[in-house]
Amino acid sequence: MANKDQNVVSNAADDKMTEPLLRGEQNLADEKGGSGKKTGSKDSLYMVYLSTLVVVCGSYSFGTGVGYSSPTQNAIREDLSLSLAEYSVFGSILTFGAMIGAITSGPIADFIGRKGAMRVSSFVCIAGWLAIYFSEGALSLDLGRLATGYGMGIFSYVVPVFTAEIAPKELRGALTSANQLLIVIGASTFFIIGTVATWRTLALVGVIPCAVLLLGLFLIPESPRWLAKIGKHEEFEAALQKLRGKDADISQEATEIQEYIETLERLPKARLLDLFQKRYLHSVTIGVGLMVIQQFGGINAIAFYAANIFQTAGLSPSTGTISYALLQVVVTFFNIIMIDRAGRKPLLLFAATGLLLGCLLLAAAFFLKTYGLALESVPALTLAGVLVYIGSFSSGMGATPWVLMSEIFPINIKGVGGSLTTLVNWFGAWAISYTFNFLETWSSYGTFLLYAAVNILGIVFITTVVPETKGRTLEEIQATMNM
């Protein structure tokens, strides 16, 4: 239990912070702190846009890893003579690697910098894709998949952190949203390309965004906040000036960043056990609970094995997969537009209700197929179920839990709290992707009824536990939750 003096110091420090370092924050469109002074015109911020464009190649690479296993399942199993269990290991080991990457990403990014962490991730992903390309058996295939997963775990942390740290306050919400959008585009692109390309060719395509990122990193500056944190003051000011434009006045922003760094160093070092203090339990419950609902509601079963689901139902895998991919991109744009208008909680409830409906449609389709009833309606029901499910997920359950995670944890425990929720998320992704084929063998319609039950619990959880945070400052949110 933190002592009273530490709490006073922490609260006082939070009041002084005007420009947070934003470790792991995905969306701060509601934040009202800071100087209020623009440090550069839009015309002078080309380096911010270029930097964002470069680093979201990592988000795109993340998406390609997610989208790879669905269109390639049958071809890989046939070419390499893999059993169902062996392919399940291949599909799910990606998320195991991502768990390791997520845990190590913070220390790596703090030690060698945000750009350094992205270089490490890119090299590891390239090695993984090449291992998959040259694979002649299950072992090298799994090692390659594990490596790409590890790189994805690093990208999942460092890309949004870097983007948030370089962006001026008035652009931060829009630019950090590009991370989720490029993940979806990457996955959707692989869904579509995978319908015409071989699995080895698709693995080579996965190298491209990593190579582009490695080259692009030579053109952009390091995060000014990280440079300030490690005491490189001249490099810090040069990087900030480059990002804001050569004629921009950066003096006030630079001072605020330096003052924040000094305040951050005075905060008590948070440990994992500190999250379970009474004052933080509400935040932890919301963060962990939303990640459990997001993953155990079945998203990676749909994402990793969509083509197989369509084929099992008697539907063309290419038709279903392309429809899935296009809908996912369009609805993600909708989420970006609506999250600061409709609010977090309504989007989550809308999404959870849609996920429930999608699961019930899929359960009905496979129930009819199992018992030979109304077989002509099974393909249409399956397509409708998958599209309703993925459209609902993209409308709120995909990005919104990460937005709430960035808002509910106080700055002194944000790193530890973010690590815990990220770990829970990747563990859930691994568990669902690994067990799906086995559950489907047990009962195809029963599998989707299990996912439906989770989404019913999700609706109850969101209604009773999750607060609305739209239009409130971070300080207001945290003051009402962590008392």
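Per chain, residues are indexed from 1 in the order of the written sequence. Given that this is a predicted model, residues contribute local features only at a pLDDT of at least 70 and side-chain atom pairs are listed and counted only at 80 or more, while totals for whole chains, interfaces and linings are drawn from all residues. In computing side-chain values, all of the structure's heavy atoms are included and hydrogens and water are not.

> How should I be thinking about the overall build of the chain in this particular structure?
Each helix corresponds to a stretch of at least 4 residues labelled H or I by DSSP, and each strand to a stretch of at least 2 residues labelled E; elements are numbered beginning at the N terminus. Along the backbone of the chain there are 20 helices and zero strands. Classification of residues uses two cut-offs on accessible area relative to the type maximum, computed with a 1.4 Å probe and protein chains only: under 20% is buried, over 50% is exposed, and between them is partly exposed. Relative to its 483 residues, the chain shows a buried fraction of 59%. Taking all contacts inside the chain whose residues are at least 6 apart in sequence as the whole, residues at least 24 apart take part in 84%. Each accessible area is a Shrake-Rupley estimate made with a 1.4 Å probe; only the visible protein chains count as cover when residues are assessed. Accessible area for the chain stands at about 18,500 Å²; split by element, carbon and sulfur atoms hold 67% of it. Contacts were defined at the residue level, with two residues in contact if any of their heavy atoms lie within 4.5 Å.

> Hey, could you run me through the nonpolar core in this one?
One broad rule of soluble globular proteins: the nonpolar side chains tend to lie buried together. Put simply, a nonpolar core is a bunch of buried Ala, Val, Leu, Ile, Met, Phe, Trp, Tyr and Cys residues held in one set by side-chain atoms that sit within 4.5 Å of each other. Ranked by internal contacts, the top residues of the largest apolar core, which has 111 residues, are Tyr 68, Ile 76, Met 118, Met 397 and Phe 448. The contacts of Phe 448, once residues within four sequence positions are left out, are Ile 302, Ile 309, Cys 359, Leu 362, Ala 363, Phe 366 and Phe 436. In this structure, Leu 227, Ala 228, Ala 239 and Ile 250 belong to the second largest nonpolar core, which totals ten residues.

> Just to check I follow, could you spell out a nonpolar patch on the surface for this structure?
Only residues whose relative accessible area exceeds 30% and that form no salt bridge enter a patch; like-charged residues are grouped when within 9 Å of one another, and nonpolar side chains (Val, Leu, Ile, Met, Phe, Trp, Tyr) when within 5 Å. Within this document, salt bridges are pairs made up of a side-chain nitrogen of Lys or Arg and a carboxyl oxygen of Asp or Glu, the two lying within 4 Å of each other. Residues Leu 272, Leu 273, Phe 276 and Leu 281 make up a contiguous nonpolar surface patch of about 420 Å² in total accessible area. Along the polypeptide, Phe 276 turns up in the loop between α11 (251-266) and α12 (281-296). Given the relative accessible area of 48%, Phe 276 is considered partly exposed.

> What is the right way to look at the side chain of Ser 394 in this model?
Structurally, Ser 394 is set in helix α16 (residues 378-397). Of the residues examined, Ser 394 reaches a relative accessible area of 8% and is grouped as buried. Once you skip the residues sitting within four places of it in the chain, Ser 394 turns out to touch Gln 328, Val 331, Thr 332 and Asn 335.

> Explain the pattern of salt bridges to me, please; I cannot follow it from the model alone.
Two side chains that carry opposite charge are able to pair once their charged atoms sit near each other. Throughout the structure, instances matching the rule amount to five salt bridges. In this structure, Asp 110 and Lys 229 form a salt bridge, with 3.8 Å as the shortest nitrogen-oxygen distance. With Asp 110 in helix α3 (residues 84-112) and Lys 229 in helix α9 (residues 224-229), this pair connects stretches of sequence that are 119 residues apart. Take Lys 229: its relative accessible area is 27%, and that puts it in the partly exposed class. The partner of Arg 114 in a salt bridge is Glu 165, and the shortest N-O contact between them spans 2.8 Å. With Arg 114 in helix α4 (residues 114-133) and Glu 165 in helix α5 (residues 138-166), the pair connects residues that are 51 residues apart, well separated along the chain. Glu 165 carries the same exposure label as Arg 114, and that label is buried. In this structure, a network of salt bridges that share partners links the residues Asp 110, Arg 114, Glu 165 and Lys 229.

> I keep staring at the environment of Ser 395 and nothing clicks. Help me out?
One can find Ser 395 in helix α16. A relative accessible area of 2% places Ser 395 in the buried class. Sequence separation between Ser 395 and Ala 351 is 44 residues; the distance between their C-alpha atoms is 6.1 Å. Here Ser 395 is in contact with Val 331, Phe 334, Asn 335, Leu 347, Phe 350 and Ala 351, once residues within four sequence places are set aside. Each polar contact in these results corresponds to two N or O atoms within 3.5 Å; when the atoms are within protein, one needs to be able to donate a hydrogen and the other to accept it, and residues that are neighboring in sequence are counted only if both atoms are side-chain atoms. For Ser 395, the side chain forms a polar contact with the main-chain oxygen of Ser 392, separated by 2.7 Å.

> Looking at this structure, I do not really get the packing of helix α2 (residues 46-80) against α3. What am I missing?
Relative orientation and spacing of two packed helices are given, respectively, by the angle between their axes and the distance between those axes. Fitted lines through C-alpha atoms give the axes, limited to the stretch in contact for helices. The angle between two N-to-C directions lies from 0 to 180 degrees. α3 packs onto α2 with a crossing angle of 165° between their chain directions and a minimal axis gap of 10 Å. Taken together, the axis directions place α2 and α3 in an arrangement best described as roughly antiparallel. When the axes of α2 and α3 are compared, the crossing they make is right-handed. For the pair formed by α2 and α3, the contact residues are Gly 65, Val 66, Tyr 68, Ser 69, Thr 72, Gln 73, Ile 76 and Arg 77 on the first element and Leu 84, Tyr 87, Phe 90 and Leu 94 on the second. Of the residues belonging to the contact of α2 with α3, the class tally is seven nonpolar, four polar and one charged. Throughout, the term roughly parallel applies to angles under 35 degrees, roughly antiparallel to angles over 145, roughly perpendicular to angles from 65 to 115, and oblique to all others. For any helix crossing, the convention is left-handed if the near helix is rotated counterclockwise from the far helix by under a right angle, and right-handed if that rotation is clockwise. Three classes are used, and their members are as follows: Ala, Val, Leu, Ile, Met, Phe, Trp, Tyr, Cys and Pro are nonpolar, Asp, Glu, Lys and Arg are charged, and the others, Gly among them, are polar.

> Where do I start with the packing of aromatic side chains in this structure?
Ring pairs (aromatic) are described by centroid distance and by the angle formed between their planes. Aromatic contacts are taken between Phe, Tyr and Trp rings whose centres are within 6.5 Å, Trp giving its six-membered ring; a plane angle under 30 degrees counts as stacked, one over 60 as edge-to-face, and the others as tilted. Under the counting rule described, the total for this entry stands at 16 aromatic pairs. Ring plane angle 70° and centroid distance 6.4 Å describe the contact between Tyr 68 and Phe 90, whose orientation is recorded as edge-to-face. Of this pair, Tyr 68 sits in helix α2 while Phe 90 sits in helix α3, and the two are 22 residues apart along the sequence. The two residues Tyr 68 and Phe 90 agree in class, both being buried. An aromatic cluster of at least three residues, connected via ring pairs, comprises Tyr 68, Tyr 87, Phe 90, Trp 129 and Phe 190.

> Explain the packing of helix α15 (residues 344-370) against helix α19 (residues 444-464) to me, please; I cannot follow it from the model alone.
For the pair α15 and α19, interaxial distance at closest approach is 8 Å and the crossing angle is 165°. If you check the angle between α15 and α19, you find them roughly antiparallel. Crossing angle aside, the handedness with which α15 passes α19 is left-handed. For the contact of α15 with α19, a count of residues per class yields 19 nonpolar, five polar and one charged.

> I tried to follow the confidence of the model for the chain on my own but got confused; where do I start?
Reading fine detail from the predicted coordinates is not recommended where pLDDT is low. Residues of the chain with pLDDT of at least 70 account for 85%, and the chain-wide mean is 82. The pLDDT value expresses, per residue, how confident the predictor is, ranging between 0 and 100. Predicted confidence for residues 1-40 stays below pLDDT 50, and this span has 104 contacts to residues more than four positions away or in other chains.

> What's the story with α15 in this structure? I'm lost.
Each α-helix winds once per 3.6 residues, and so residues spaced three or four apart point in a common direction. The first and last C-alpha atoms of α15 sit 39 Å apart over 27 residues, in line with the 39 Å expected at 1.5 Å per residue. Phi turns positive, to about 65°, at Gly 372, one or two residues after α15. One less than the residue count of a helix, multiplied by 1.5 Å, gives the span that helix is expected to have.

> What is the right way to look at α5 in this model?
Spanning 29 residues, α5 covers 42 Å between terminal C-alpha atoms, matching the ideal 42 Å at 1.5 Å per step. In this analysis the local bend is the angle between axes fitted, respectively, to the seven residues ending at and the seven residues starting at the residue. The largest bend along α5 measures about 30° and falls at Phe 155. Across the 29 residues that make up α5, a large majority, 24, are buried.

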